[in-house]
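What follows is each chain in one-letter form.
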Amino acid sequence: MTSQTRDTLALFSIAAVAILVVLYADVDLSAIFLHLLARF
């Protein structure tokens, strides 16, 4: 994995988390992270 690929994946992950926080701000964030971690 190149440095550019890793940076791109990191930015995508940060953006995805930010979108989730905005869309589901009223939902328990720990539950969201546990659900995401369960997928991997």
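Reference entry: report on the structure contained in this document. (Residues numbered from 1 in each chain as written. Predicted model: local features only at pLDDT ≥ 70, side-chain atom pairs only at ≥ 80, totals over all residues. Heavy atoms only, no water.)

1. Observations regarding the overall build of the protein
Note the threshold: What counts as a helix is a DSSP run of H or I of at least four residues, what counts as a strand is a run of E of at least two, and both are numbered from the N terminus. Residue burial is assigned from relative accessible area. The probe radius is 1.4 Å, only protein chains are included, and a residue is buried under 20% of its type maximum, exposed over 50%, and partly exposed in between. Note on areas: these come from Shrake-Rupley sampling with a 1.4 Å probe, and a residue is covered only by the protein chains present in the view.
Tallying secondary structure elements over the protein gives two helices and zero strands in all. Within the protein, the fraction of its 40 residues that count as buried is 2%. About 3,600 Å² of surface is accessible on the protein, with carbon and sulfur atoms providing 72% of the total.

2. Overview of the environment of V17
Following the sequence through the fold, V17 ends up in helix 1 (residues 3-23). A relative accessible area of 31% places V17 in the partly exposed class. Sequence separation between V17 and L36 is 19 residues, and the spatial gap between their C-alpha atoms is 10.0 Å.

These values are about where atoms sit, not about what they do.
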